[in-house]
Amino acid sequence: MSKRRVVISGIGAITPIGSTRDGLWDGLRAKRSAVRSLTRFDPSIFRSHNAAEVSDFVAGDHLEQKRAKRLDRFGQFSVIAARMAVEDAELNLAAEDRERVGAMMGTALGGVGYAEEQLAVFLTQGLRAVDATLALAVFGGSSSCNIAIEFGVQGPNSTNAMSCASGTIAIGDAFRQIRDGYADVMIAGGAEAPLAPLCFGAFALIRAMSTRNDDPGSASRPFDKDRDGFVMGEGAAVLVLEEASRAVARGAHIYAEVLGFSQTNDAHHMTAPRPDGSQAARAMRQALADAAIAPSELGYVNAHASSTPLNDPTETLAIRQILGEHVTSIPVSGTKGYYGHALGASGAIEAAICALALEREWLPPTVNLSQADAACDLHLVTGDGRHARVDHVMTNSFGFGGINAALVLRRWH
């Protein structure tokens, strides 16, 4: 079977800078960080006190009360972002062959934050006080399964837990399902709700997070010489992927085409990237080969750029290996300065940003970049961003365990 073209026809987003597709875009154009001192619980016992919280989210605004109560925050993010994406795509699922429609999601921690909350209930009030839905909420697979139940779709279904690359991998796997003929439509993305004391504290213990507690808004600063760690965030982004000819036939609004995807593993260390960046570079090289384009054809790279001392220069090294002589002219930005690092949801948020950047012809800047680290010598987008009509973009996601993933999108023709 020949490979089929795959497009993005719907976007749903719940992020600290905006809880809709346009809210996300408006948040980017505002060029301000959403990072604040954490309010969900008292973080004073930890070294890090900052987080990027979704402050304007009310599940009852989107779901029936009974349905909202049966889902934890992670499940609510998953289902509501998926609803937004399906509505944005104007997809009439009643008219679809639902065995040809599937759901794929990614998350690093799934419902662990809610399990932590319910453990406190168990310890103080006993077993009978524990939410009876806990067993159904805590596992990561509940994300794609709840989406399948929400829409009655019976096609390929999975939720991967590949750390901070999970959302990108979910979209890449969904792309392959359609391209290779196993599905016609896929609902794909990532969701994360990790802002609970033990989850937060675990990352604080390994000193991965910023301690710029006196200036939260500038704590996440990708590629900056004074970066000192990532800022934990939360949220979700979900895309509707669709076989191109059927999307055109039904008059769908198409944001971008998905061209290529790849993932590799460093096989090096659970937290530190491989120092030479070789496997991160291989993921990018293979994604470009899958897309059948040369590195010189890229118009923009959305970097993983977690704002950690090790990740940013290693990613720079990998990007330089791929772009070669074009590294001085192809724009790169890291957008986590806006919304922190939502772990498994980050890659999906960044894929949504890339699709919108292609359509709306504006590349977001790297906020909080006061002085670039000499080891991060890329053609960085700064200041007010950049108006640019580009044809191809690549977005990178890397995660603990040495996971590397890259996705290539194209302007829709």
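Please refer to the structure placed before this passage.
The following paragraphs examine the structure supplied in this document. (Residues numbered from 1 in each chain as written. Predicted model: local features only at pLDDT ≥ 70, side-chain atom pairs only at ≥ 80, totals over all residues. Heavy atoms only, no water.)

### Overview of the packing of aromatic side chains
Here is the rule: In summary, the pairing rule links any two rings of Phe, Tyr or Trp, Trp by its six-membered ring, whose centres are within 6.5 Å, and it sorts them by plane angle into stacked for under 30 degrees, edge-to-face for over 60 and tilted for everything else. Helix numbers and strand numbers start at the N terminus; a helix is a DSSP run of H or I with at least 4 residues, a strand a run of E with at least 2. Classification of residues uses two cut-offs on accessible area relative to the type maximum, computed with a 1.4 Å probe and protein chains only: under 20% is buried, over 50% is exposed, and between them is partly exposed. A positively charged side chain is recorded as over a ring if its NZ (Lys) or CZ (Arg) lies within 6 Å of the ring centre. The angle to the ring normal must also be within 35 degrees.
One pass over the structure, following the stated rule, counts 7 aromatic pairs. Ring centres of F203 and F230 lie 5.7 Å apart, and the angle between their planes is 80°; this geometry places the pair in the edge-to-face category. Highlighted residues: F203 in helix α8 (residues 197–205) and F230 in the loop between α8 and β7 (235–243), separated in sequence by 27 residues. We classify F230 as buried; its relative accessible area is 5%. Among the aromatic residues, those joined into a ring-pair cluster are F41, F46 and F200. The residue whose ring lies beneath R29 is W362, and the NZ or CZ to ring-centre distance is 4.2 Å.

### Focus: the sheet that holds β7
Stated precisely, the cut-off is as follows: Any two strands are treated as partners once DSSP identifies two or more bridges connecting them. We call two residues contacting when some pair of their heavy atoms lies within 4.5 Å. All axes here are fitted lines through C-alpha atoms, helices being fitted over the stretch that makes contact, and every angle between N-to-C directions spans 0 to 180 degrees.
The strand order across the open sheet built from 10 strands is β5-β4-β6-β7-β1-β8-β14-β13-β9-β10, with neighbouring strands paired in mixed fashion. Of all the strands in the sheet, the pair left with one neighbour each is β5 (157–160) and β10 (332–333). The pairing of strand β8 (residues 256–265) with strand β14 (residues 403–410) spans 8 bridges and is classified as antiparallel. Looking across to β14, one finds that S262 is bridged to A406. This element, helix α10 (residues 278–291), spans β8, β13 (392–399) and β14 of the sheet and lies at about 145° to β8.

### A look at the environment of L134
Summarising the element assignment, L134 is placed in helix α5 (residues 134–137). Considered as a pair, L134 and Y114 are 20 residues apart in the sequence and their alpha carbons are 7.8 Å apart.

### A few points about helix α11 (residues 311–323)
Our working definition: Every helix has an expected span of 1.5 Å times one less than the residues it contains.
The terminal C-alpha atoms of α11 lie 18 Å apart, and with 13 residues this matches the ideal 18 Å at 1.5 Å per residue to within 8%. Buried within α11 are the following residues: N311, D312, T314, E315, T316, A318, I319, I322 and L323. Those residues of α11 that are buried lie in contact with α10, β9 (300–302), β10 and β13. At the exit of α11 stands G324, carrying a positive phi of roughly 55°.

### Some thoughts on the environment of D131
Relative to the helices and strands, D131 resides in the loop between α4 (112–125) and α5. Remark: the alpha-carbon pair of D131 and G324, spanning 193 residues in sequence, is separated by 55 Å. Sequence-distant contacts of D131, that is, excluding residues within four places in its chain, are made with Y114 and Q118.

### Let's talk about the packing of helix α3 (residues 73–88) against helix α6 (residues 142–151)
Put simply, the rule reads: Working definition: roughly parallel below 35 degrees, roughly antiparallel above 145 degrees, roughly perpendicular at 65 to 115 degrees, and oblique for all remaining angles. Left-handed describes a crossing whose near helix is turned anticlockwise from the far helix through less than a right angle; right-handed describes the clockwise counterpart. In this classification, the charged set is Asp, Glu, Lys and Arg, the nonpolar set is Ala, Val, Leu, Ile, Met, Phe, Trp, Tyr, Cys and Pro, and all remaining amino acids, among them Gly, are polar.
Remark: α3 packs on α6, axes separated minimally by 9 Å, with the N-to-C direction vectors making an angle of 45°. The angle between α3 and α6 falls in the class oblique. The element α3 and its partner α6 pack so that their crossing is right-handed. Counted together, F74, S78, V79, A82, R83 and V86 of α3 and S142, S143, N146, I147, E150 and F151 of α6 form the full contact between these two elements. Taken together, the residues of the contact of α3 with α6 break down into 6 nonpolar, 4 polar and 2 charged.

### As for a nonpolar patch on the surface
Note the threshold: A residue counts toward a patch only above 30% relative accessible area and without a salt bridge, and it is joined to like-charged neighbours within 9 Å or, for Val, Leu, Ile, Met, Phe, Trp and Tyr, to nonpolar neighbours within 5 Å. A 1.4 Å probe and the Shrake-Rupley method give the accessible areas. Residues count as covered only by the protein chains that appear here. What counts as a salt bridge is simple: a side-chain nitrogen of Lys or Arg found within 4 Å of a carboxyl oxygen of Asp or Glu.
Together, L119, F122, L123 and L127 make up a nonpolar patch on the protein surface, roughly 440 Å² of accessible area in all. Tracing the sequence through the fold places L119 in helix α4. Residue class for L119 comes out partly exposed when judged on its relative accessible area of 45%.

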